[in-house]
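Close look at the chain arrangement
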Amino acid sequence: MRRTLAWLHRWVSLSAGLLLALLGLTGTLMVWQAELDATLNPQWHANASGGCAASAQPVADTLAVLAREAPAARAALVLAPARPGGAYQVWEARDARTRLRTEHFIDADCGRYLGSRVRGAWQMDRQHAVPALYDLHSRLLAGETGHLVVGAGGLVLLGLAASGIALAWPRGGAAGWRRALGIKTGASRARLWFDVHRASGLWLAPLCLLLAATGAALVFDRQARELVGLVLPVKALPKMAKPAVTAAPASTLAPDELLQRAQQLFPQARWSRLALPTESGGAAEVRLLQPGEPRIDTGSTRVRLDASGKVLAVHDPLRSSAGNVLLDWVFPLHSGEALGLAARVLWSVFGLLPTLLLGSGAWLWWRRTAARRSAAALRAAEA
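All residue numbers here refer to positions counted from 1 along the written sequence of the relevant chain. Where local features are concerned, this predicted model is filtered to residues with pLDDT of at least 70; where side-chain atom pairs are given and counted, the filter is 80 or more; whole-chain, interface and lining totals use all residues. Side-chain figures throughout are based on the complete set of non-hydrogen atoms in the structure, without hydrogens or water.

1. A word on the overall build of the chain
Elements are defined by DSSP. Helices are runs of H or I of four residues or more, strands are runs of E of two residues or more, and each kind is numbered from the N terminus. Counting its regular elements, the chain contains 15 helices and 8 strands. The dimensions of the chain, computed from C-alpha atoms along their principal axes, are 95 × 45 × 35 Å. Each residue is placed in one exposure class: buried if its accessible area under a 1.4 Å probe, protein chains only, is under 20% of its type's maximum, exposed if it is over 50%, and partly exposed if it falls in between. Within the chain, buried positions represent 40% of all 383 residues. The contact criterion used throughout is that any non-hydrogen atoms of two residues lie within 4.5 Å. Considering only contacts within the chain whose residues lie at least 6 apart along the sequence, 59% involve residues at least 24 apart. Only four residue types enter the tally: Lys and Arg on the positive side, Asp and Glu on the negative side; His and the chain ends are excluded. For this purpose, a charge sits on NZ of Lys, CZ of Arg, CG of Asp or CD of Glu. Charged side chains of the chain number 42 positive and 26 negative; the gap between the two group centres comes to 15 Å.

Set out below in structure tokens:
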């Protein structure tokens, strides 16, 4: 059994190693994606405000600037500035053919259009670098097919971590663990790289299991929800389906008024995103961030409203069922944002692990294969 497990561990690692190394290296950068994007594009994320008085209706003013400067754009999502001085963002719906979407950046206070970019386009300029790397990490620049491959890679990494733990599990009690978790100095190069491979894998195995499982869950979200629902209660928020509207609502609220209605339910929260209705009379969804939420970039609080401001559905992650709480932690655990700066640094270091394990494992395999071939050639010569 151990020999079979070692064979599977070796050949699956060698087969999928480049994919896992790519995901690890891009993940190291994606831990800091907000900071990287702000550094590369301060005109959008830090110095976007022109110093004008704050707008009383920022969403309406943002959409007005968009209509004036990009009349062909069809707004689907409005994002609040993530930091002081940042621009409001308007995301269009994904293109049906390319699955790319255009992002517009707008200074709502001064009524200025600051530019746009195509999210997911492989263009390594300052404007597109971070979204392109994010798409490489999450979709391999290959749309839904690439997304599924990434999810499969997460499951493979989960299996490799489990098999690696089983193979490296030491015998001999505390003394065995000291040997397994340490690196012997002064040893041969082969022993050195074997110790590096085993010790780094064991030290970071818990984090490897966590990131592999959460990464796969982000891709296979429906299956993950069903799996969690087998052991914990999960309440589903209704999808943004087209409502059966038989007549126009008696009154239609402006986008900023919809935000106010949502924030009345959560006075301590700040809004982060507004998904606009896809058709006349359709529903809008406001995402908010409450103090204490694990997802600190956008929050997981959601309020669904119809055009008249009537609340259709609410998701409060701080007062949700146990299954929903677990699911709401998946993304902030995978990104490291839920656990603070120290965790994000550790997550970045972990991103280097697949490359280290692939390199050391491949070298050990190549060395052993070469030694076997040399011994076989020697035996053949002697015969």
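Let's pick the thread back up.
2. Focus on the side chain of Ser 200
With respect to the helices and strands, Ser 200 occurs in helix α8 (residues 189–203). Look at Ser 200 and you get buried, because its relative accessible area is 16%. The contacts of Ser 200, once residues within four sequence positions are left out, are Asp 195, Leu 353, Leu 356 and Leu 357.

3. Regarding the packing of helix α9 (residues 205–219) against helix α14 (residues 340–350)
Interaxial angle, 0 to 180 degrees, is taken between N-to-C directions of lines fitted to C-alpha atoms, where a helix line uses only the stretch in contact. For the pair α9 and α14, the least separation of the axes is 11 Å and the interaxial angle reads 90°. The angle between α9 and α14 falls in the class roughly perpendicular. In contact with Leu 207, Cys 208, Leu 210 and Leu 211 of α9, α14 contributes Leu 346, Trp 347 and Phe 350. Roughly parallel refers to an angle under 35 degrees, roughly antiparallel to one over 145, roughly perpendicular to one between 65 and 115, and oblique to any angle outside these ranges.

4. Topic: the confidence of the model for the chain
Here pLDDT means the predictor's own confidence in every residue, given as a number from 0 to 100. Looking at the chain as a whole, its pLDDT mean stands at 91, while 96% of the residues score no less than 70. The element-level mean pLDDT for the chain is lowest in helix α15 (residues 353–382), coming to 90, with α9 highest at 97. Note on residues 240–248: pLDDT under 50 across the span, and 11 contacts to partners over four residues away in sequence or across chains.

5. Notes on the pattern of salt bridges
Within this document, salt bridges are pairs made up of a side-chain nitrogen of Lys or Arg and a carboxyl oxygen of Asp or Glu, the two lying within 4 Å of each other. Going through the model one piece at a time under the given rule, you end up with 14 salt bridges. The salt bridge involving Asp 316 is made with Arg 319; its shortest N-O contact spans 3.1 Å. By relative accessible area, which is 64% here, Arg 319 ends up exposed. Sharing partners across several salt bridges, the network here consists of Asp 37, Glu 103, Arg 117 and Arg 119.

6. Some words on the pairing of strand β4 (residues 112–119)
At least two DSSP bridges between two strands are needed for those strands to be called paired. Of the pairings in the sheet, the one linking strand β3 (residues 101–107) to β4 comprises 7 bridges and is antiparallel in character. Counterpart to Glu 103 in the pairing with β4 is Arg 117. Between the end of β3 and the start of β4, which pair antiparallel, lie 4 residues, with Gly 111 showing a positive phi angle near 70°.

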